[in-house]
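# Summary of the model geometry
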Amino acid sequence: MSAGASVLFDAPGPKARLRNTIYSAVVLIAVLAAVWMFYRGFADKGQFTAAKWKPFLDLEVWSTYLLPGLRGTVVAALLSIVFALVVGMIFGILRQSDHRIVRWVAGTIVEVARAIPVLILMIFLFAVFSDYQVFKSDSLALAAVVTALTIYNGSVIAEIVRAGIRSLPKGQTEAAVALGMRKSQLMRLILLPQAITAMLPALISQMVVALKDSALGYQITYVEIVRSGQQLGAAEQNTVPALMVIALVMIALNSALTLVATKLERRLRARKRGKGGTAVVAADSIITDAAPGVDIGKAP
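Predicted model only: the values in this text are computed from it and were never measured.

Reading guide: rules and limits
Residues numbered from 1 in each chain as written. Predicted model: local features only at pLDDT ≥ 70, side-chain atom pairs only at ≥ 80, totals over all residues. Heavy atoms only, no water. pLDDT = per-residue confidence, 0-100. Contact = heavy atoms within 4.5 Å. Helix = DSSP H or I, 4+ residues; strand = E, 2+ residues; numbered from the N terminus. Buried < 20%, exposed > 50% of the residue type's maximum accessible area, 1.4 Å probe, protein only. Phe/Tyr/Trp six-rings, centres within 6.5 Å; stacked < 30°, edge-to-face > 60°. Core = buried A, V, L, I, M, F, W, Y, C linked by side-chain atoms within 4.5 Å. Expected span 1.5 Å × (residues − 1). Bend = angle between axes of the 7 residues up to and from the residue. Polar contact = N/O pair within 3.5 Å; in protein donor to acceptor, adjacent residues only side chain to side chain.

## Topic: the confidence of the model for the protein
Looking at the protein, pLDDT values average 84 and 87% of them are 70 or higher. Counting contacts from residues 1-5, a segment whose pLDDT is below 50, to residues more than four positions away or on other chains yields two contacts.

Following this line, the structure appears as structure tokens:
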């Protein structure tokens, strides 16, 4: 066996390589055919004429439609992501509580929040905020969008946090308890730092979901990039090109968010490896005067 051969599967022989090449060529031809049909369909309808795309070269079009919509999308996404992280951390920790009633209440809230569709939640909150005048009229839509996204994504992040904490070896919890650490110290100094690093990929995916779901705000008159694109398409009679540009902008936003979060994840993992992969606890944060047999907190 050669040095580069895998021990998990046999290297494909000449017939297998030929078959894989044929399958790849067939798939490539099918994809190119689908792209060509897509292009011809829109070209026949005149969607690729210069007149349809000329408005995107006008700075006034961007300042009037696209940039305000982009700002609305970014504001709603950032606020909902920050609030969802806070809510998710709180409920994820509450679901690890030693008290059964706390775990039951937190679990019920999380499961109910996860089961409600985001769009229905936005419409409901917008109606409630309007009827009871909770916010100013010009902030009603933003408040409903951010609140709905916070509730839903916060419930999902709570489950991610709970899974991240439970994935850690129980020996670390037992060792911390043996040293006399309180439950709050155990969570803050030992479990959460490691759990956050482990669950970063899932958190990144949820942040992208929050960014994309902000587009649902157009249903409650919130000015975000999809609604701005539709208004631009109606004004310039180029709805399809406008939506194509909006799609490219959303792809760029999601890619930028993923890139930033991925670099953060790599930096945290590299720093963890540089420290030897162990948690460092300050000496003055450990309880040394606890009497033998004192129950200082049950491990999650």
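## Details of unusual backbone geometry
If you check the backbone angles, Q133 has positive phi at about 50 degrees while not being a glycine. Its place among the elements puts Q133 in the loop between helix 5 (118-132) and helix 6 (140-166). The class of Q133 is exposed, set by a relative accessible area of 67%. Positive phi outside glycine occurs at Q237, with the angle close to 60 degrees. For Q237, the position within the fold is in the loop between helix 9 (225-236) and helix 10 (239-274).

## Description of the environment of L85
Relative to the assigned elements, L85 resides in helix 3 (residues 59-94). Remark: the alpha-carbon pair of L85 and V156, spanning 71 residues in sequence, is separated by 9.8 Å. In contact with L85, not counting residues within four places along its chain, are I157, L203 and M207.

## Considerations on the packing of aromatic side chains
Under the criterion given, the structure shown has seven aromatic pairs. On the numbers, 5.1 Å between centres and 25 degrees between planes, the contact of Y39 with F48 is stacked. Look at F48 and you get partly exposed, because its relative accessible area is 30%. Aromatic side chains F129 and F135 sit 5.0 Å apart centroid to centroid with 75 degrees between the ring planes, which places their arrangement in the edge-to-face category. Accessibility expressed as a relative area gives 9% for F129, which makes it buried. Its relative accessible area of 37% is what places F135 among the partly exposed residues. Taken together through their ring pairs, the aromatic side chains of W36, F38, Y39, F42, F48, W53 and F56 make up a single cluster.

## Re the nonpolar core
If you look at the biggest cluster of nonpolar residues, it comprises 20 residues, and the most contacted ones within it are V161, I165, L191, M199 and L203. Put simply, the parts of the chain that give this core at least two residues each are helix 3, helix 6 and helix 8 (183-213). When residues of this core are assigned to their parent elements, the largest contribution, nine residues, is made by helix 8.

## Description of the side chain of N254
By the secondary structure assignment, N254 is in helix 10. Under the relative-accessibility criterion, N254 is labelled buried at 13%. Non-local contacts of N254, meaning those with residues more than four positions away in its chain, are made with V208, L211 and K212.

## Things to note about helix 3
Over its 36 residues, helix 3 extends 50 Å from the first C-alpha to the last, a length consistent with the 52 Å expected when each residue adds 1.5 Å. The principal kink in helix 3, of about 40 degrees, is found at L66, preceding the proline P68 by one to four residues. Among the residues of helix 3, the N-terminal cap falls to D58, whose side-chain oxygen and the backbone nitrogen of E60 are separated by 3.1 Å.

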